[in-house]
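Each chain is listed here by its residues.
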Amino acid sequence: MQNVKVIIWGLGAMGGGVADMLLKKKGIDIVGVAGRGKKIGTSMYDYIKTEKGDREDVLIQAAEDVIKPGAADIVILCTDSFTKNAFPRMKFILEQGINCITSAEEMAYPAAQSPELAAELDKIAKENGVTLLGTGINPGHIMDLLVLVMTGCLTDVEEITSRRVNSLSPFGPVVMEEQGIGISVEEFKERKANNTMSGHVGFAESVGMIAEGLGLKVSEFSQDMNPITTDVDRKSPYGFAAAGSCAGVAMTAEAVLDNGMKVHMDHPQQIEPEQVGINTGDYVIIKGTPNVNMVNSPEIEGGLGTIAMCANMIPQVINAEPGLATMIDLPIPRCLMGDVRDRINPDKKIVK
């Protein structure tokens, strides 16, 4: 069997990380990278941690020049957070007859906020005989799939709390700006009022996935955000929060499912939390029979987790039936070890 062939669209922190991971795996080749602007015509190896060595070079090209019918088995799309923004790119990929995994947060469960676009993507994927999946560490795993996995050992579920306490310190300048690191509380409130404060993207998607996984529907949903202020100066590699300013965002969501069950989402994220005695971690707390109180501390680092999820789901997506899938539709994620080709269903057509 030929090696699995992958194209990466968007060679930023996530796409570059996927490239570094895949270059260490057996039975899989990166055959193209789609980009734009000054990156066109330059080497993939100029933007990732892995050195080229004696590998064949991979030049960055415009999407329409590299993503063509028969060019690859799958495209990893790492360019957007929102379904609406990513839609034209996903549509283009699917219409070339190529499977796609995207790190866009809303695509983890697009029916939650964009049901019409989700239906259209499902139709396009099926018409072209390919599969589309949105995934990442959160949403896609920690605050939704992991919750559902833990309900599998319960006879009934009464109430769910999903909590992720994480550090923003590893992230770059764009995230520092989006999360309001270093701004005043007054500016935070202004941004919140005019909907320019990003906060966490994915609560509606996580709740929707949990509900469907349990055979229920979402009856009520609301979310909120508040500033995390700091009493001391905090400095991360790309951010600084002076005492009295905002060091992060505390995101919460409340949902009621159609059987009356309550779902609570709690996600405080900030720079240098350990500096003020806050330990990061991932928590699944379920009231049921029996109760669940799962703790993983420190947190699973978000960037590495998302990179791994996008790469590790490649065989599951290639093997899947055509259409739009979510993480509850496919076999569980697990690390790509051994020869990736051994994970591909022999009945599936691999690009020659």
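Reading the values: rules and limits
- Residues numbered from 1 in each chain as written.
- Predicted model: local features only at pLDDT ≥ 70, side-chain atom pairs only at ≥ 80, totals over all residues.
- Heavy atoms only, no water.
- Helix = DSSP H or I, 4+ residues; strand = E, 2+ residues; numbered from the N terminus.
- Rg over C-alpha atoms; globule rule 2.2 N^0.38 Å.
- Buried < 20%, exposed > 50% of the residue type's maximum accessible area, 1.4 Å probe, protein only.
- Areas by Shrake-Rupley, 256 points an atom, 1.4 Å probe, with all protein chains shown as cover.
- Pairing = 2+ DSSP bridges.
- Axes fitted to C-alpha atoms, helices over the stretch in contact; angles between N-to-C directions.
- Contact = heavy atoms within 4.5 Å.
- Phe/Tyr/Trp six-rings, centres within 6.5 Å; stacked < 30°, edge-to-face > 60°.
- Lys NZ or Arg CZ within 6 Å of the ring centre and 35° of its normal.

A. Region of interest: the overall build of the protein chain. Secondary structure summary: the protein chain contains 10 helices and 15 strands in total. Against the globule reference of 20 Å for 352 residues, the protein chain gives a C-alpha radius of gyration of 21 Å, in line with a compact fold. Taking all 352 residues of the protein chain together, the buried fraction comes to 53%. By element, 50% of the accessible surface of the protein chain is carried by carbon and sulfur atoms, the whole surface being about 15,700 Å².

B. A look at the sheet that holds strand S12 (residues 262–270). Overall, mixed pairing links the 6 strands, which are arranged S8-S11-S12-S7-S13-S14 in an open sheet. What marks the edges here is a single partner per strand, and that holds for strand S8 (218–229) and strand S14 (292–296). Pairwise comparison of adjacent strand axes, ignoring direction, gives a mean angle of 10° for this sheet. Here helix H7 (residues 185–193) sits on the sheet in contact with S8 and strand S11 (246–257), set at roughly 155° to S8. Its contacts with the sheet put helix H8 (residues 203–213) on strand S7 (156–167), S8, S11 and S12, and the angle it makes with S8 is roughly 145°.

C. Just the sheet that holds strand S5 (residues 99–102), in detail. Within the open sheet, the 7 strands sit side by side as S3-S2-S1-S4-S5-S6-S15. Their pairing is parallel. Strand pairing shows two members of the sheet lacking a second neighbour, strand S3 (60–61) and strand S15 (323–325), which therefore form its edges. The strands touched by helix H4 (residues 115–127) are strand S6 (131–134) and S15; relative to S15, the strand with the most contacts, the crossing angle is about 125°.

D. Just the packing of aromatic side chains, in detail. Scanning the model with the defined rule gives 1 aromatic pair in all. Summarising the aromatic geometry, the rings of Trp9 and Phe92 are spaced 6.4 Å apart at their centres and angled 80° between planes, so their arrangement reads as edge-to-face. Here Phe92 lies in helix H3 (residues 83–95) and Trp9 lies in strand S1 (residues 4–9), a separation of 83 residues in the sequence. In this arrangement the basic side chain of Lys39 is found over the ring face of Tyr47, its NZ or CZ atom lying 4.8 Å from the centre.

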